[in-house]
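# Understanding the architecture of this molecule
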Amino acid sequence: TQRDHFLKSAEKHLSGLVKWGRPNAGMFVWMKLLGVNDTQELIETKAVESKVILIPGSVFCPNPRPSQYVRAAYSTASPEDMDTALERLAHLLKE
């Protein structure tokens with residue numbers, strides 16, 4: 001399934017950099033970026049420049065505040081695109 005490929009790719013590229021849970025249903029994975037106090041700037045600048053599209057967790061809060069979380073959608077991405085995006089995210093987190 002799409003979810004299983006996403007999780008396998010996350011394990012390959014993001015272990016030690018990110019924590020995530022295995023969703024039982026839906027089309028999103030919530031991820032905690034370790035060592036990042038506020039994902040908004042990272043996502044809106046470096047990630048976009050690297051063509052990694054994630055949603056900062058702060059946009060889901062009624063009173064936006066810094067968040068270590070991002071939401072990733074996996075339902076429409078190809079396995080190759082997921083792998084490329086998560087590899088790029090890993091590179092950004094290691095900078």
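It should be noted that the structure appears before, not after, this text.
In this report, the structure presented in the accompanying data block is examined. (Residues numbered from 1 in each chain as written. Predicted model: local features only at pLDDT ≥ 70, side-chain atom pairs only at ≥ 80, totals over all residues. Heavy atoms only, no water.)

## Focus: the layout of surface pockets
Spelled out, the test is: A 1.4 Å probe that fits but cannot get out identifies a cavity on a 1 Å grid over protein atoms alone, an open set with protein on both sides within 12 Å along at least five of seven lines counts as a pocket, and a residue lines either if it has an atom within 4 Å of a point. Grid points are joined across faces, edges and corners, and a volume is the space filled by probe spheres set on the points. Helix and strand definitions follow DSSP, with helices as H or I runs of at least four residues and strands as E runs of at least two, each counted in order from the N terminus. In this count, Pro and Cys sit with the nonpolar residues alongside Ala, Val, Leu, Ile, Met, Phe, Trp and Tyr, while Asp, Glu, Lys and Arg are called charged and the others, Gly among them, polar.
By volume, the largest pocket amounts to about 360 Å³. Looking at the largest pocket, it is lined by 18 residues, and the ones nearest its centre are Ile53, Leu54, Ala73, Ala77 and Ala85. Of all the elements in the fold, those that place two or more residues in the lining of the largest pocket are strand 4 (69-73) and helix 3 (79-94). The element that contributes the greatest number of residues to the lining of the largest pocket is helix 3, accounting for six residues. Its residues assigned to classes, the lining of the largest pocket shows twelve nonpolar, two polar and four charged. In this model, the second largest pocket occupies a volume close to 190 Å³. The wall of the second largest pocket is formed by Leu34, Gly35, Val36, Asp38, Glu41, Leu42, Thr45, Lys46, Leu92, Leu93 and Glu95. Mapped onto the lining of the second largest pocket, the elements with two or more residues apiece are helix 2 (39-49) and helix 3.

## As for helix 1 (residues 2-14)
The criterion, for reference: By definition here, a helix of n residues has an expected span of 1.5 Å times n minus one. Burial classes: relative accessible area under 20% of the type maximum marks a residue as buried, over 50% as exposed, and values in between as partly exposed (1.4 Å probe, protein chains only). The reported arc concerns the directions from the helix axis to the C-beta atoms and nothing else. When checking whether two residues touch, look at their non-hydrogen atoms; a contact exists if any pair is within 4.5 Å.
An ideal rise of 1.5 Å per residue puts 18 Å on 13 residues; helix 1 measures up with 17 Å between its terminal C-alpha atoms. The complete set of buried residues in helix 1 reads Arg3, Phe6, Leu7, Ser9, Ala10, His13 and Leu14. Angularly, the buried residues of helix 1 cover 165° about the axis, an arc narrow enough to put them on a single face. When the buried face of helix 1 is taken as reference, the exposed residues oriented beyond 90 degrees from it are Lys8 and Lys12. Turning to helix 1, the residues buried within the fold contact strand 1 (18-20), strand 2 (28-33), strand 4 and helix 3. Count one or two residues on from helix 1 and you reach Gly16, which has phi positive near 85°.

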